[in-house]
Amino acid sequence: MAGVERTFDSEPPVRALREVDLTVRRGEHLSVVGPSGSGKSTLLNTLGLLDRPTVGSYRLDGIETTGLSDLERTALRGSRIGFVFQAFHLLPYRTVDENVTLAEAYRRPRPGHGRSTRRARARQALERVGLAHRSGFRPDRLSGGERQRVAIARALISDPALLLCDEPTGNLDSENTHSVLELFDDLCAQGVTLVLITHDETVSRRASRRVRITDGCLTQETR
Ligand code: ADP
Ligand code: MG
């Protein structure tokens, strides 16, 4: 993205992103750090096509997204982007397998991702996160780290190239954080691009690159 501004028309208006220039390369693992209210979620939502810049350009895989219709943005998001949040948002009365599968039931189908292959892709996603043996379990029988890995499998069912994570380890103890971080390393090794917001120093240190955001302004960190 280049020259991105995002101003919320609240009273008074809030400039949540200011002249943000950011390039994320394929397969990169980028962490975003910054205090509460600095614009991290707005940045992630913009990268995820959930929000639109007020000014500036955002290209995803070479496609300029700012002029696209909502429908086109939704299709692009569904085919390339997965989201992971701090709260796992799993359905408590559904099995692991159903939680992963249902994520897609509400999406617009795309070629090769029809209903008939859904179960197989759910199984594959659960294998990628190391939880195929838990597919019949309910979330309440899993540890926090396992629950987050189910949420990651749910994001992976559409085989996204870009995974956007907002404080993914915020609800986890250090042991469970460790298991999720190992998984992120695996996914990066498989070529997934990862952008991850975190407050946790150990989490951000794992990234290949780190940027800091303060009052909507982005700065690159070198080390
Ligand atoms: P962070 O994720 O770093 O805590 P956010 O991106 O959520 O920060 O918010 C950045 C700034 O934009 C904050 O000042 C917040 O209050 C403001 N903001 C976020 N969303 C909205 C909105 N929908 N309307 C008005 N202001 C908003
Ligand atoms: Mg936030």
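Before any of the text, the structure's been laid out above.
In this report, we go over the structure that sits alongside the text. This is a predicted model, so every value here is computed, not measured. (Residues numbered from 1 in each chain as written. Chains lettered and ligands numbered in written order. Predicted model: local features only at pLDDT ≥ 70, side-chain atom pairs only at ≥ 80, totals over all residues. Heavy atoms only, no water.)

Within the structure, ligand 1 sits among F8, S10, V14, A16, P35, S36, G37, S38, G39, K40, S41 and T42. Contact between ligand 1 and S38: an oxygen atom at 3.2 Å from a main-chain N or O atom of the residue. Note that an oxygen atom of ligand 1 is positioned 2.8 Å from one of the side-chain N or O atoms of K40. Notes on ligand 1: free accessible area 560 Å², of which the protein chains cover 59%. Within the residue set of the shell around ligand 1, elements represented by two or more residues are β2 (14-20) and α1 (40-47). Per-element accounting of the shell around ligand 1 gives the leading share, 3 residues, to α1. Among the residues forming the shell around ligand 1, the class breakdown is 4 nonpolar, 7 polar and 1 charged. (Near = heavy atom within 4 Å. Polar contact = N/O pair within 3.5 Å; in protein donor to acceptor, adjacent residues only side chain to side chain. Areas by Shrake-Rupley, 256 points an atom, 1.4 Å probe, with all protein chains shown as cover. Helix = DSSP H or I, 4+ residues; strand = E, 2+ residues; numbered from the N terminus. Nonpolar A, V, L, I, M, F, W, Y, C, P; charged D, E, K, R; others polar.)

Attention now moves to helix α2 (residues 70-80). By the burial criterion, the buried members of α2 are R73, L76, R77 and G78. The inward-facing, buried residues of α2 abut β5 (59-60), β6 (63-64) and β7 (81-85). (Buried < 20%, exposed > 50% of the residue type's maximum accessible area, 1.4 Å probe, protein only. Contact = heavy atoms within 4.5 Å.)

Another aspect to go through is the pairing of strand β9 (residues 193-197). Across the 5 residues of β9, 5 count as buried, placing the element largely inside the fold. By the alternation rule, side chains of β9 split into T193, V195 and I197 and L194 and L196, which are all buried. With 4 bridges connecting them, strand β3 (residues 29-33) and β9 associate as parallel partners. Paired with V32 across the strands is I197, a residue of β9. Across 5 bridges, the pairing between strand β8 (residues 162-166) and β9 is parallel. When the bridges of β9 are listed, C165 appears paired with L196. A crossover links β8 with its parallel partner β9, the connecting element being helix α6 (residues 174-189), and its sense is right-handed. (Pairing = 2+ DSSP bridges. Right-handed = clockwise from strand over helix to strand, strands pointing away.)

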